[in-house]
Amino acid sequence: MAARLIALVFIIYTWALFFKLSSIPGLFIDESAYANEVKSLANFGVDTHGYLRPVYFQGPYGGQSVLYSWLSVPVVKLWGFSLLTFRAHFALLNLLMLIGITLLVSHLAKNLMLGLCMTLALTANAWLFIPARWILDCNIAPIIFLGALCVLTLGLKRQLGTTGRILLLETACGLLALTLYGYIVAWLYIPLVVLILGGYLHHRQLLSLQEIIIGCLLIGLLALPLMVFAVHVNVLHSPIAHQFLWWTLPPLPNNRLDSLIDLQPTAVFQTMTTNAATGVIQYVTGNDGLPWNSLPMPSVLPILTLSLAIGGMVAPLNGQNVILSQFRNLLNISLIAFSPLLLIVRPNFNHWNFLNWPLAILAGLGLWALYQWLNPAFFKALLLVAPLIAAISLWHSYFSPTSGNYFTQGLPDNPITLTTTSVYPLHQLLLSHPQQRLYLANLPSVYPHFKLLKTVSPDQDGRLSDTGVGMPPRWRYGQLVDASQAKVMRLGDFLLISKKACVPRKQGAAVTVKTLPVFKFKQVKTLYFQASPHVLLQRIQ
C-alpha cells in the first residue's frame, strides 16, 4: 500500500513539476543571461565573451557559476535550444533527487512508511518546488552536495568490500569538489563542511585519518582551477583572462561580493546579528521578499516544516537504523557548517539554499517520528493527508492565473523578467524591418531576452553592442536602442512604450507621446510587455 501511494504522489508531482515548464515562470534576467552562455557554448564552443572552457562565466551582470552548463550544453547540442530543453533536465534532476532520497531512507530504515512520509514532506516543500522550475546557476550546488552526502552515507556501510567503499568515498569527494563549481558561497561553505565532517568521521572511527587526508587532497586537486581563479579575482584583481591548464580564468570586475554583507569594522557585529535574524524570519514566515522565490501562503506551513525538521534532528531512531542515524548526522552537520555563514551571507532562499534540502529531509524524518508516536489510525491518516493538502495548495497558488503572483503574472513594468511570447512578436518585427530600429526602455536589462531568440557568436555580439563582447549595452544593441535616446529616432523607427505614456487622442488622429511631443506616431499594435499593456508605435512625422 505504501509503495503504491509513493508512486501515485510522485506521478502527480512529476505532472506539477513539468506542467507549462516552457512558459511558467517567465524568463528571469539571470536565467536569460545563463541561457545565452549555454547557447553560445553549444553553438560555438566558447562562452559569450569568447572564452574556451571557462572555469566561471564572466557574464553580463557580474558572473555566474559554470556547473549547470556542463549538464545543459550536451542537451542543447542534441535537441536544440528552447526554454523547455534548457529547464527540463534541471527539473528532472530535482525529481530524481527526490526519488533517490525516498529510496535511500526506505532502504536504510527498511520501512516503506518512512519513504511515504519523506515523499510527502519533500513534494509539499515550496523551497524545493519553486527553484526546480527555472534556472539560477547557484541552485544546482545543493543538489550535487546532497548527492555527496548520500553517496558518503552508503560508503560508510560496514558490509561493503574495500573496492566498493573506496569507490563510493572517492565519488563523494568528487561531488563535494563539483559543488564548488556550482555556487560561489560554496567556496566558504565546503571547507567548513569538510573540516567538521572530517572531525566527526574520525571521532566516530568511521574513516581513518589516512582516508580523510586522501579525500581532502582529492577535493583540493579537483578544485585547483577554481582556487587559482579565486586568487586571480580576489587577491590579484586581474583585469584580463588567464589560462590554467586547459581552463580559462576570466576577469571578474564585480567580484560577486554582493552576496555578502558589508564587513566594515564599524558596527560589524550588529550587522551580522541583524543579517542572521532577518534570514531566520524569512524561513519562519516562508517569504524572503523576492516574488520569484516566494508564494503568499499561510504562515503556519513554514512553521510546521521547521518544527518537523527540528523534530527530525533529535527524534530517536530504532536501534537497527545505524546507517539512517549516520545520514541524519551528516544532514545535521551540513546545517551546523552553514551556521557561521548565516552571519555574513545576505539572506534569501537562493543565497541560503544549502539549508533547503537538509531541512526538507529532516522534516520528513520528523513526520515519520510523529507518525510512529501517534496511536489511533485516524490521526495517522490525518497526518499523512495534511502534507498532500499543503502540496495541492502550493501548486494551485503557483499556477492559478487569478492569484496575482509573479509566476503567472510577472512584475508590472519591471524588466527583471519577461516572457518569450511577449518578446517574439518584436523579434519578428525587427526581422521584417531590418533597416528600422526599435526604441524601448531598460535596454541593458531586456537585451539578453532578444539575443536569446537569435544565434549570436561572440564576434557578432561585439559588433552589435556599443560596449563590447559579452557586456550589456549602454544605449544600443543592433536594432535595439534604449528609449532614452528616442529624441534622435528616424522616420519609420519603432517605439515600444507603456500605454499610459501616450497622450489621449481623437479617433484616427496621430499618436503623440508625453516625453516626445514634437513627434507624430501611428499605432502599430497593442501588446502585453513587462506584465503591463504597452503600445508599439511607428514614427510618421
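Before any of the text, the structure's been laid out above.
Draft legend 1. Region of the structure containing the overall build of the protein chain. Assigned secondary structure in the protein chain consists of 20 helices and 11 strands. What you see for the protein chain is a C-alpha radius of gyration of 26 Å, in line with the 24 Å of a compact globule of 541 residues. Along the first, second and third principal axes, the C-alpha set of the protein chain runs to 85 × 60 × 55 Å. Looking at the protein chain alone, contacts between residues at least 24 apart form 73% of all its contacts between residues at least 6 apart. Surface exposure of the protein chain reaches about 23900 Å², of which carbon and sulfur atoms provide 66%. Between the centroid of the 33 positive side chains of the protein chain and the centroid of its 16 negative side chains there is a distance of 10 Å.

Draft legend 2. Here's a closer look at the sheet that holds strand E9 (residues 511-513). The strand order across the open sheet built from seven strands is E6-E7-E5-E8-E11-E10-E9, with neighbouring strands paired in mixed fashion. With one partner strand each, in any of the chains shown, strand E6 (476-477) and E9 form the two edges of the open sheet. Across the sheet, helix H18 (residues 420-432) touches strand E5 (438-440), strand E7 (480-482), strand E8 (494-498), strand E10 (516-529) and strand E11 (532-539), and the angle it forms with E10 is around 125°. Together, E5, E6 and E7 form the strand contacts of helix H19 (residues 443-452), whose direction differs from that of E7 by roughly 165°.

Draft legend 3. Seen up close, the nonpolar core. By size, the foremost hydrophobic cluster in this structure holds 145 residues, and its most contacted members are Ile101, Phe129, Tyr189, Phe229, Leu324, Phe327 and Phe338. Of the residues forming this core, the biggest block, 13 residues, is contributed by helix H4 (residues 83-109). Not counting chain neighbours up to four residues away, the residues in contact with Phe327 comprise Ile101, Leu104, Val105, Leu108, Leu149, Cys150, Thr153 and Ile361. Leu426, Leu438, Tyr447 and Phe450 belong to the second-largest nonpolar core, a separate cluster that totals 19 residues.

Draft legend 4. Here's a closer look at the state of the cysteines. Across all of its chains, the model carries zero disulfides by this definition. A disulfide-free cysteine, Cys173 has its sulfur positioned 7.4 Å from the sulfur of Cys216, the nearest such atom.

Draft legend 5. Representation of helix H7 (residues 141-155). With 15 residues, H7 should reach 21 Å at 1.5 Å per residue; the first-to-last C-alpha distance of 21 Å fits that figure. In terms of burial, H7 is a largely internal element, 14 of the 15 residues being buried.

Draft legend 6. A look at helix H11 (residues 224-234). Residues of H11 that are buried include every one of Pro225, Leu226, Val228, Phe229, Ala230, His232 and Val233, and no others. Against the buried residues of H11 lie helix H8 (162-180), helix H9 (186-203), helix H10 (209-222), strand E2 (242-244) and strand E3 (247-249).

Draft legend 7. The arrangement of the packing of helix H5 (residues 112-123) against helix H16 (residues 377-399) in detail. At a minimum axis distance of 8 Å, the contact between H5 and H16 shows a crossing angle of 25°. Our classification of the angle between H5 and H16 gives roughly parallel. For the pair H5 and H16, the crossing hand works out as left-handed. Contacts between H5 and H16 involve Met113, Leu116, Cys117, Leu120 and Thr123 from the former and Leu384, Pro387, Leu388, Ala391 and Trp395 from the latter. The class makeup of the residues in the contact of H5 with H16 is nine nonpolar, one polar and no charged.

Draft legend 8. Molecular detail of the environment of Gln282. Tracing the backbone through its elements, the reader meets Gln282 in helix H12 (residues 268-285). Sequence-wise, Gln282 and Leu96 are 186 residues apart; in three dimensions their C-alpha atoms are separated by 28 Å. Residues contacting Gln282, with those up to four places away along its chain left out, are Asn287, Asp288, Pro347, Asn348 and Phe349.

Draft legend 9. Just unusual backbone geometry, in detail. Between Ile24 and Pro25 the backbone carries a cis peptide bond, its omega angle lying at 0°. Mapped onto the secondary structure, Pro25 falls in the loop between helix H1 (2-18) and strand E1 (27-28). Of note in the backbone geometry, Leu245 takes a positive phi value of approximately 55° without being a glycine. Mapped onto the elements, Leu245 comes out in the loop between E2 and E3.

Criteria and thresholds
Residues numbered from 1 in each chain as written. Predicted model: local features only at pLDDT ≥ 70, side-chain atom pairs only at ≥ 80, totals over all residues. Heavy atoms only, no water. Helix = DSSP H or I, 4+ residues; strand = E, 2+ residues; numbered from the N terminus. Rg over C-alpha atoms; globule rule 2.2 N^0.38 Å. Contact = heavy atoms within 4.5 Å. Areas by Shrake-Rupley, 256 points an atom, 1.4 Å probe, with all protein chains shown as cover. Lys, Arg positive; Asp, Glu negative; His and termini not counted. Charge placed at Lys NZ, Arg CZ, Asp CG, Glu CD. Pairing = 2+ DSSP bridges. Axes fitted to C-alpha atoms, helices over the stretch in contact; angles between N-to-C directions. Core = buried A, V, L, I, M, F, W, Y, C linked by side-chain atoms within 4.5 Å. Buried < 20%, exposed > 50% of the residue type's maximum accessible area, 1.4 Å probe, protein only. Disulfide = S-S within 2.5 Å. Expected span 1.5 Å × (residues − 1). Parallel < 35°, antiparallel > 145°, perpendicular 65-115°, else oblique. Left-handed = near helix turned anticlockwise from the far one by under 90°. Nonpolar A, V, L, I, M, F, W, Y, C, P; charged D, E, K, R; others polar.

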